[in-house]
Amino acid sequence: MNLTWLIRLTVAISMVLSIGAPAFASETAAQGPGKKYRIAMILYRGETDAERGFKKYLQSRQVNVEYIVRDASEDPKRFPEIVREIKALRPDLIYTFGTGATLAVCGKTDQQNDARFISDTPVIFNIVADPIGSGITKSMQSTERNVTGVTHLVPIDSQLSALKATANIKTIGVIYSLNEKNAVLSADSLVEGANNAGYRVIRYPVSADNSAGDLASLKSVVAKIQAEKPDLLYLPSDSFLIRHAGLISEGMQHARIPSMSATEAPIRKDGFTMGLVSPYVNAGALAGHKAYQILVEGKDPSDIPVSALDKFAYILNMKSALKIGFYPKIRALTFAEIINADTHKPAKSGMTK
Amino acid sequence: MRLNLRLVLLVFAVLLGSSLFMSALTYQQFAESIEPAINKKSDAIAKTVESEIVRALGYGIPLDAINGLEEYFDPIVDANPEIYGIRLQRGKSRVDSAEFEEAANQPEAIQKSYPVVYDGKTVAQISLLVDGEYAQKKSLELLLDLLTVIVVSVIIAFELVVFIVGFNISYRIQQIMASIKAFVDQQRIRLIQDSSKDELGFLTRQLNRRMHEISARGNKPIESGSATGLQPVNFIRWPFFLLVFSESLSLSFFPIFVGQFYSPDWGVSREFVVGLPISIFMFIWALSLPVGGVWSDTVGRRRAFIFGSLLTAIGLILTAFTYTLIDLLVWRSITAIGYGIVFITVQGFVTDNTDQSNRNRGMATFVATFFAGSLSGTAIGGILADHISMPIIFLLSAILSLGSALFVARFIAGGGGNIRPKLSLATIKEVCTDRSFLMVTLFSAIPSKIALTGFLYFSAPLFISSLDATKSTGGRVIMLYGLFIICLSSLIAQYADRFKSRLPLILFGGTLGALAIAIPAAMPSLVGLMISIALLGMAHAIAVPSQLTFITETNQTLCARLGLGQVVGIFRLMERVGNILGPIIFGLFISLFGITQAYGWLSFLVGSATLTLAVWVFKSRRRGQP
């Protein structure tokens, strides 16, 4: 009992802290609205909670910022042009969302002197699942260049522990896009972790480059999953599939297959059943803190480690679960953040003795 | 002495009466409050379980579909010793915590039912299986703790009173008497050294003034030096008791303490690792005795004791801050050196301050004090370990060791000891080639020590903790050994003199010892272990003193030629090999056969040693030798 309360408490506290902590740090805020900084934001699929968390953090520390926002609208081909424009604008700092945008701005570690990339402006990346695997840095301690950032990856073993605490299942299906490097890496690490934990894993790769034909390919993969019926479907951090999470979720609901997501939005917005995630808003706040260190405190990005959140949120979409007759174990209910619960019957205890 | 005895008895009566009264009050209060407290706790547990179920229902999960109840119940049962099981009855189906049915068949198990109320209706039933005798068990535990504390406080009070009365009254009266006796018998004038301002001091001053007058009148010289010259053996009892007490505080849980630093990555068995610090301690202790003895002879008992107890304290403080097995071994070695120095110094003190007429009594006092300190420390350490963490107990031990150093600094007079002859290799060789010496040492003395360290110090705490008993139970059970040694030793000493030869006693003790160790193998329970330890104490009380007597009696020519001290010294040295081997051998047995069978094998080892000795005795009898 104490343990589960502790978990709930730490999850709650971590959320409060990472969002609310800046409010307590008033000593530097006393500087007041001083210099106006220009931050360029390079996004992939519009503004998310991550950017909102980032902005909110800097606002809470009373940093005066002018944002220049450029959105690739889920088309990676647009990145080179955006980068050229930003390079000319010479902002004080560049914020990138996702692995694709980050690589488009600063390249891999061995492409530093390439003129296509920006190296004289500090870059802060956010929502990058695997900074080392994708070649953005060689170590989490320092990128050894003008770059630092935040990974939102939750260690796979923690995700599997959360799954084990929720349900007894045997087979996990994993769906991922073949052309998204971080999704492939995440799927690989899931397969390895799940095999070690005694699960059987089935891979469901989708070949996708965002054309209309790919949606058909996705639909056929979903149909295949519906037919093969694994005990659970796992969705890694995968931009293309996150965009179509509603379609996947609907397919799973139809076949009564519970689903687990490595990121937050598919659970909150698209009806995925559960997931142990780094809330985007917290990741954004952490990235905002790094921006503050660079802009206001004058730190060098290579001196700021790349970091992950150390507290995660376990989200359970009760409405989705009930719809498919998936009933999480009672202990999971005590530490999960339960969303979409039908609360017209208030839980009230009437024990007399 | 009569005054001593009366005072001691009076103090006993007062102390025993008051502590019994206080304990009775405490016990009564506890017994009255525990039952409702236990009820409240089980109600609270049921309430929590109910609210979690109600919450799941509130989310819309059907009652029959609430999953993972076993996984939810089991940790609750594990964490609460008075809860045997939890059951949820929902309609016709039910979910139980692990082994609910087995637990329900326990005679003391009581089932308590609580309704699960949702939306104003009782939808299910929670049953808690509660240990109906838990309150009695807890009360009994408290009663035993209280009794242990009373026994130990009586022992401590005894040691203190012996010292205080000795130091303040009887020693001074003896000095006055010695002075008067010297004058009356031999017409010699010796002044009494006493500058206290109390009544005895007044009497002393009056007497001394009279002596001066007589000296002046009769023209007799005043002799220098005090009348007796010797310090009473009782003076060293209290600090020695305190030091043994402090070192023994950890005895009942030491192997469990060591277990924390074990890692399976090392590729050696846990038992070996847990036994290692005990073996190393015994080894370093054994080494420090001869070296420490020589050193103590040269620097004097006072300085040697203070140094030894300070070293013990330092070792204990460092032990409290142990991080790895390696530093634990180093800290324990420091403690062992200090402990060894004190041990041999106290023996030296007894030899220095006794003569042929009372040396045996002095040594008996030494042994009795050792066991009194050891059993008190073990028992109190066990009780403490249930309430405070083990490192804190080591710190407490260190404070007590410092106390004993301070005490000696304050009350024991300095001065060098007598230089004893060093052991030479040739002498050791000569003694060890003696057939009877070798047989008794190898087949009785060493096996006894193997049983002491391997069985009692090493295996007993582990076995007790494997039975889920509290550490205070462990302390009490191990204490039985010392209790039997103290109670039986003097009795057996009187009786043993009636035997022409000590061999039957040695053989009987050996057999009894082997039997004692076999008991936990046949009866692997707390009661079995208690009987076993008590019997081992009895066996050792019978056999161990007889070993040395037998050796000195059968080798009178050797003893006369080399000196009794030499032979005894070599015997003690040899015997300690058993101390070192004990944990190693038993650890090996556990890793090979498991703990229960290991007792069988150790019993076999001790038994066959005794049998070998018996066969040798029988054969040499036929040949007309001893």
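Counting starts from 1 at the beginning of each chain's written sequence and moves along it residue by residue. Written order decides the labels, with chains lettered from A and ligands numbered from 1. Reporting of local features is limited, given that this is a predicted model, to residues whose pLDDT is at least 70; pairs of side-chain atoms are given and counted only at 80 or more, and all residues count toward the totals for whole chains, interfaces and linings. Just so you know, side-chain values use all the structure's heavy atoms and leave hydrogens and water out.

*Asks:* Pulling in residues and values, what's your account of the overall build of chain A?
*Replies:* Looking only at helices and strands, chain A features 13 helices and 13 strands. Contacts are residue-level and defined by heavy atoms, with any inter-residue pair within 4.5 Å sufficient. Sequence-distant contacts in chain A: of pairs separated by 6 or more residues, those separated by 24 or more amount to 74%. Calculation of accessible area relied on Shrake-Rupley with a 1.4 Å probe; when residues are assessed, cover is drawn exclusively from the protein chains displayed. For chain A, the computed accessible surface area is about 15300 Å², with 53% contributed by carbon and sulfur atoms. Helical segments are the DSSP runs of H or I of at least four residues, strand segments are the runs of E of at least two, and each set is numbered from the N terminus.

*Asks:* An account of the overall build of chain B is requested, with residue identities and associated values reported.
*Replies:* The secondary structure content of chain B amounts to 20 helices and 6 strands. For chain B, buried positions account for 51% of its 626 residues. Exposure is judged per residue with a 1.4 Å probe applied to protein chains only, and the accessible area is read against the type maximum: over 50% gives exposed, under 20% gives buried, and values in between give partly exposed.

*Asks:* For the nonpolar core, give the residues involved together with the corresponding values.
*Replies:* Residues and elements named next belong to chain B. Nonpolar cores were defined as sets of buried Ala, Val, Leu, Ile, Met, Phe, Trp, Tyr and Cys residues, with membership established by side-chain atoms within 4.5 Å. Ranked by size, the top nonpolar core spans 105 residues in total, and within it Phe455, Leu529 and Ile533 carry the most contacts. Counting residues per element, this core draws most heavily on helix H14 (residues 435-466), at 12 residues. With near-sequence residues (within four places) excluded, Phe455 lies in contact with Ile450, Ala460, Ile517, Pro520, Leu529, Ser532, Ile533, Leu536, Tyr599 and Leu602.

*Asks:* Summarise the environment of B:Val346; cite the residues concerned and give the values.
*Replies:* Residue and element names in this part refer to chain B. Looking at the element boundaries, Val346 is found in helix H10 (residues 325-352). Given a relative accessible area of 2%, Val346 falls into the buried group. Separated by 53 residues in sequence, Val346 and Gly293 place their C-alpha atoms 9.7 Å apart. In this view, Val346 contacts Ile236, Phe240, Phe305 and Phe366; residues no more than four positions away in its chain are not counted.

*Asks:* Talk me through the packing of aromatic side chains; I want residue IDs and the actual numbers.
*Replies:* Residues and elements named next belong to chain B. Note on aromatic contacts: the rings of Phe and Tyr and the six-membered ring of Trp form a pair at centre separations within 6.5 Å, being stacked when their planes are under 30 degrees apart, edge-to-face when over 60 apart, and tilted otherwise. Under the definition given, this model contains 34 aromatic pairs over all chains. The interplanar angle of 65 degrees and the centroid separation of 5.7 Å between the aromatic rings of Phe163 and Phe235 together place this pair among those described as edge-to-face. Residue Phe163 is found in helix H4 (residues 134-186), and its partner Phe235 is found in helix H6 (residues 234-248); the two are separated by 72 residues along the sequence. Pair check on accessibility: Phe163 and Phe235 agree, each one buried.

*Asks:* Residues and numbers for the environment of B:Glu101, please.
*Replies:* Residues and elements named next belong to chain B. Relative to the helices and strands, Glu101 is located in helix H3 (residues 100-104). Distance in space between the C-alpha atoms of Glu101 and Gly85 is 8.7 Å, their sequence separation being 16 residues. Among residues more than four places away in sequence, those in contact with Glu101 are Arg87, Arg94 and Asp96. Under the rule applied, a polar contact is a pair of N or O atoms within 3.5 Å (in protein, one hydrogen donor and one hydrogen acceptor; residues adjacent in sequence only if both atoms are side-chain atoms). Of the polar contacts made by the side chain of Glu101, one reaches the side chain of Arg87; its length is 2.8 Å.

*Asks:* So what's going on with the pairing of strand S4 (residues 121-131) of chain B? Which residues, and what values?
*Replies:* Residues and elements named next belong to chain B. When DSSP finds two or more bridges between two strands, those strands count as paired. The sheet contact formed by strand S1 (residues 83-90) and S4 spans 6 bridges and is antiparallel. Across the sheet, Gln89 pairs through a bridge with Gln125, a residue of S4. Where strand S3 (residues 109-118) lies against S4, 10 bridges are found, and the strand directions are antiparallel. Note on S4: the bridge partner recorded for Ala109 is Asp131. With antiparallel pairing between neighbouring strands as the criterion, S3 and S4 make up a hairpin whose turn holds 2 residues, including Asp119 at a positive phi of roughly 55 degrees.

*Asks:* Lay out the environment of B:Phe550 with the relevant residues and their values.
*Replies:* Residues and elements named next belong to chain B. Along the chain, the position of Phe550 falls in helix H17 (residues 526-554). Residue Phe550 is classed as buried on the basis of its relative accessible area of 3%. Considered as a pair, Phe550 and Ser501 are 49 residues apart in the sequence and their alpha carbons are 7.3 Å apart. Excluding residues that lie within four positions of it along the chain, Phe550 makes contacts with Ser436, Val440, Ser501, Arg502, Leu503 and Ile506.

*Asks:* Describe the pairing of strand S12 (residues 313-317) of chain A, and please don't skip the residues or the numbers.
*Replies:* Residue and element names in this part refer to chain A. Across the 5 residues of S12, 5 count as buried, placing the element largely inside the fold. Where burial is concerned, the two faces of S12 agree: the one with Ala313, Ile315 and Asn317 and the one with Tyr314 and Leu316 are both buried. In the sheet, strand S10 (residues 274-277) pairs with S12 via 4 bridges, with the strands oriented antiparallel. Residue pairing across strands places Val277 opposite Ala313, the latter belonging to S12. Here 3 bridges tie S12 to strand S13 (residues 337-339), and the two strands are oriented parallel to one another.

*Asks:* Summarise the sheet that holds S3(B); cite the residues concerned and give the values.
*Replies:* Sheet strands associate in pairs through backbone hydrogen bonding, adopting either a parallel or an antiparallel arrangement. Residues and elements named next belong to chain B. What the 4 strands build is an open sheet, ordered S2-S1-S4-S3; its pairing is antiparallel. Every other strand in the sheet has two partners, leaving strand S2 (93-96) and S3 as the edge strands with one partner each. Each neighbouring strand pair of the sheet contributes to a mean axis angle of 20 degrees, computed without reference to strand direction. Axis definition: a line fit to C-alpha positions, over the contact stretch in the case of helices; interaxial angles, taken between N-to-C directions, run 0 to 180 degrees. The strands that helix H2 (residues 69-79) touches are S1 and S2; relative to S1, the one it contacts most, it runs at about 155 degrees.

*Asks:* Describe the confidence of the model for chain A, listing the residues and the values that go with them.
*Replies:* You can read pLDDT as the predictor saying how much it trusts each residue, on a scale of 0 to 100. With 86% of its residues at a pLDDT of at least 70, chain A reaches an overall mean of 85. Predicted confidence is poor over residues 346-353 of chain A, with pLDDT under 50, and the contacts of this stretch with residues over four places away or in other chains come to 18 contacts.

*Asks:* So, the interface of chain B and chain A: which residues are in play, and what are the values?
*Replies:* The interface of chain B with chain A comprises 28 residues on the first partner and 22 residues on the second. Summed over both partners, the accessible area lost on bringing two parts together, with a 1.4 Å probe, is the buried area. Carbon and sulfur atoms supply 64% of the area buried between chain B and chain A, which totals about 2500 Å² over both sides. The largest contributions to the chain B side of the interface with chain A come from B:Arg55, B:Tyr59 and B:Asn67, which together make up 24% of the buried area. The salt bridge criterion pairs a side-chain nitrogen of Lys or Arg with a carboxyl oxygen of Asp or Glu, the two atoms within 4 Å. Across the contact surface, chain B and chain A share 1 salt bridge. Here B:Glu71 makes a salt bridge to A:Lys329, at a shortest N to O gap of 2.8 Å. Remark: the boundary between chain B and chain A carries 3 residue pairs in polar contact (both at pLDDT 80 or more). Counting residues per element, the ones that place at least two in the side of chain B that touches chain A are helix H1 (2-58), H2 and S3 of chain B. In terms of residues, the side of chain B that touches chain A owes the most to one element, H1(B), which gives 10 residues. Note on residue classes: Ala, Val, Leu, Ile, Met, Phe, Trp, Tyr, Cys and Pro are nonpolar, Asp, Glu, Lys and Arg are charged, and everything else, Gly too, is polar. Across the side of chain B that touches chain A, the residue classes break down as 17 nonpolar, 5 polar and 6 charged.

*Asks:* Give me the lowdown on a nonpolar patch on the surface, citing residues and values where you can.
*Replies:* Residue and element names in this part refer to chain B. Only residues whose relative accessible area exceeds 30% and that take part in no salt bridge are eligible for patches, with like-charged residues grouped when within 9 Å of each other and nonpolar side chains (Val, Leu, Ile, Met, Phe, Trp, Tyr) grouped when within 5 Å. On the surface, Leu16, Leu20, Leu140, Leu143, Leu144 and Leu147 cluster together into a nonpolar patch covering about 460 Å² of accessible area. Those elements that place two or more of their residues in the nonpolar patch are H1 and H4. Sort the elements by how many residues they give to the nonpolar patch and H4 lands first, with 4 residues. Along the chain, Leu143 turns up in helix H4. Since its relative accessible area comes to 31%, Leu143 is described here as partly exposed.

*Asks:* Tell me what's going on with the sheet that holds strand S3 (residues 93-97) of chain A, and back it up with residues and numbers.
*Replies:* Residue and element names in this part refer to chain A. Strand order in this open sheet of 6 strands is S2-S1-S3-S4-S5-S11, and the pairing throughout is parallel. Unpaired on one side and paired on the other, strand S2 (64-71) and strand S11 (307-308) mark the two borders of the sheet. As defined by bridge partners, strand S5 (residues 147-151) adjoins S11 across 2 bridges and the pair is classed as parallel. By the bridge assignment, Val150 is partnered in S11 with Ser307. The strands touched by helix H4 (residues 98-106) within the sheet are strand S1 (36-43), S3, strand S4 (123-126) and S5, with S3 carrying the most contacts at an inclination of about 145 degrees.

*Asks:* With reference to specific residues and values, describe the confidence of the model for chain B.
*Replies:* Residue and element names in this part refer to chain B. For chain B, mean pLDDT is 86; residues scoring 70 or higher make up 96% of the total. Strand S6 (residues 222-223) is the least confidently modelled element of chain B, averaging 72 in pLDDT, while helix H9 (residues 301-320) averages 94, the highest of any element. For this predicted complex, the interface score ipTM comes out at 0.71, while the overall pTM is 0.65.

*Asks:* Can you break down the packing of H4(B) against helix H15 (residues 471-496) of chain B residue by residue, with the values?
*Replies:* Between two packed helices, what matters for the description is the angle formed by their axes and the separation of those axes. Residues and elements named next belong to chain B. Packing of H4 against H15 leaves a shortest axis separation of 11 Å and a crossing angle of 50 degrees. Comparing the axis directions of H4 and H15 gives the class oblique. Two packed elements cross with a definite hand, and for H4 against H15 that hand is left-handed. For the pair formed by H4 and H15, the contact residues are Glu141, Leu144, Asp145 and Thr148 on the first element and Ser472, Arg476 and Met479 on the second. Each residue belonging to the contact of H4 with H15 can be placed in one class, and the counts come to 2 nonpolar, 2 polar and 3 charged. Orientation is classified from the angle alone, with under 35 degrees giving roughly parallel, over 145 giving roughly antiparallel, 65 to 115 giving roughly perpendicular, and any other angle giving oblique. Should the near helix be turned anticlockwise from the far one by less than a right angle, the crossing is left-handed, and should it be turned clockwise, the crossing is right-handed.

*Asks:* Describe the packing of helix H5 (residues 156-166) of chain A against helix H6 (residues 181-196) of chain A, and please don't skip the residues or the numbers.
*Replies:* Residue and element names in this part refer to chain A. Between H5 and H6, the least distance of the axes is 9 Å, while the angle of their chain directions is 55 degrees. Here H5 is positioned oblique relative to H6, judged by the angle of their axes. Seen from above, H5 lies across H6 with right-handed handedness. Here Ile156, Asp157 and Leu160 of H5 lie close against H6, whose contacting residues are Ser189, Leu190, Gly193 and Ala194.

*Asks:* Requested: an account of the pattern of salt bridges, with residues and values cited.
*Replies:* This model, assessed by the stated rule, comprises 27 salt bridges over all chains. The partner of A:Arg116 in a salt bridge is A:Asp114, with the nearest N and O atoms 2.8 Å apart. The partner of A:Asp188 in a salt bridge is A:Arg203, and the shortest N-O contact between them spans 3.0 Å. You can see A:Asp188 sitting in helix H6 and its partner A:Arg203 sitting in strand S7 (residues 200-206), a full 15 residues away along the chain. Sharing partners across several salt bridges, the network here consists of B:Arg87, B:Arg94, B:Asp96 and B:Glu101.

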